[in-house]
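Structural features, examined
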Amino acid sequence: MRFGETVNSLEEYIPFSYKPGIIRLDANESCLELPDEIKTQVLNAVNNVEFNRYPDPYCKELRRYYAEYYGIDSENIVVGNGSDELISIIFSSLVPIDAKVLTVTPDFSMYSFYATLYGRKNSQFNKNTEFNIDVDSFVNTINDGKYDFVMFSNPCNPTGQCLSRNDILHIVKKTSAVICVDEAYMDFWDENESVMKDVNTYENLLVLRTLSKAIGLASCRLGFAVANRNIISMFNKVKSPYNVNSISQAIGCCILSSSDYLRLSAETIKKQTMELYNSILNLKIKDAKVFNTKTNFVYIQVPYARRVFDQLKEKNIIIRCFGSDRLRITAGTETENKIVLQALEEICS
């Protein structure tokens, strides 16, 4: 039987299960719970959902609230069941089977995962020792390799490093490939560095965003693709007709209408991230390199990363370990940050 043979060689990703008493600093979620006032508004919104009806297939209201919050046109938006669904659609339906795909490393692993899963020819561009993209070399690689589709995150997960808006647009203008920029963490950096408002200027630009990070709605699974209307029409042709449930749509509308709270939350998380970053620097961990960040996490290169990861896990603190020498720690609450810093000091002293 050939059923499932295309996935036999894939390794299953098993996220850590939530359990009482465990500090989760591995998934880059917002560390802030919604205030009671907004929770009440959310409950009221959910109470008005018609549970016996299918959801709006085009998420009109959600797109309108999203467009108003970010200052873009709702016609340039399609909503997905998390960004993962949109990435899956891109590689299963929009990138031709014989197209050449370029991703970068280190970067979000799901780009190359979906490219491989759907049989696309995927190559990877290596970042430099500072985990940055050399823009000129990147452009030359795209053009010399005749790549059709290029995808990377900005700010980058897991490194926290960034390319400026000018650098991104330089890549877009100097290549004929479709350039897909995942801006999941842009809320923590600077909206002036986003290329989301440039999608109508460049036909080969596609931007992904999410409500799972700074907006704090990881449980609702809401992702957004922003592009010119031609690309958006392509998504609408191939996505499932009722891909975003009515409850998530209602909650998303409610949260996006709370603009003052959302911007204050992002600033709070940025402050806590920088405090975590500076505190880890002050620990002076032996042989460790701590990278500055424009996200809600801190990236550390240290030769004994696996030992640190395992010993933190024994203390019920879960972070991410990449290979044998890199760690990523999501900024938590002030209390969680203090606990992980104390544990790091004990382990690395």
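In the block above lies the structure referred to throughout.
Report follows, based on the coordinates.

Conventions adopted
- Residues numbered from 1 in each chain as written.
- Predicted model: local features only at pLDDT ≥ 70, side-chain atom pairs only at ≥ 80, totals over all residues.
- Heavy atoms only, no water.
- Pairing = 2+ DSSP bridges.
- Helix = DSSP H or I, 4+ residues; strand = E, 2+ residues; numbered from the N terminus.
- Axes fitted to C-alpha atoms, helices over the stretch in contact; angles between N-to-C directions.
- Contact = heavy atoms within 4.5 Å.
- Right-handed = clockwise from strand over helix to strand, strands pointing away.

This part covers the sheet that holds strand β4 (residues 121-126). Sheet architecture is open: seven strands sit in the order β2-β8-β7-β6-β5-β3-β4, paired in mixed fashion. Each edge of the open sheet carries a strand with a single partner, namely β2 (77-81) and β4. For this sheet the average axis-to-axis angle between neighbouring strands, irrespective of direction, equals 20°. Strand direction decides the pairing type here: strand β5 (residues 149-153) and strand β6 (residues 178-182), joined by five bridges, are parallel. Counterpart to F152 in the pairing with β6 is V181. Its contacts with the sheet put helix α3 (residues 82-94) on β2, β3 (100-105), β5, β6, β7 (205-210) and β8 (222-227), and the angle it makes with β2 is roughly 110°.

With that out of the way, let us pick up the pairing of β3. Taken residue by residue, a regular strand's side chains alternate between the two faces of the sheet. Taken together, the six bridges between β3 and β4 define a ladder with parallel strand orientation. Among the inter-strand pairings, T105 is bridged to a residue of β4, identified as N126. Assessed by its sense of winding, the connection that carries the chain from β3 through helix α4 (residues 109-117) to β4 is right-handed. Here three bridges tie β3 to β5, and the two strands are oriented parallel to one another. Looking at the pairing, V101 lines up with F149 of β5.

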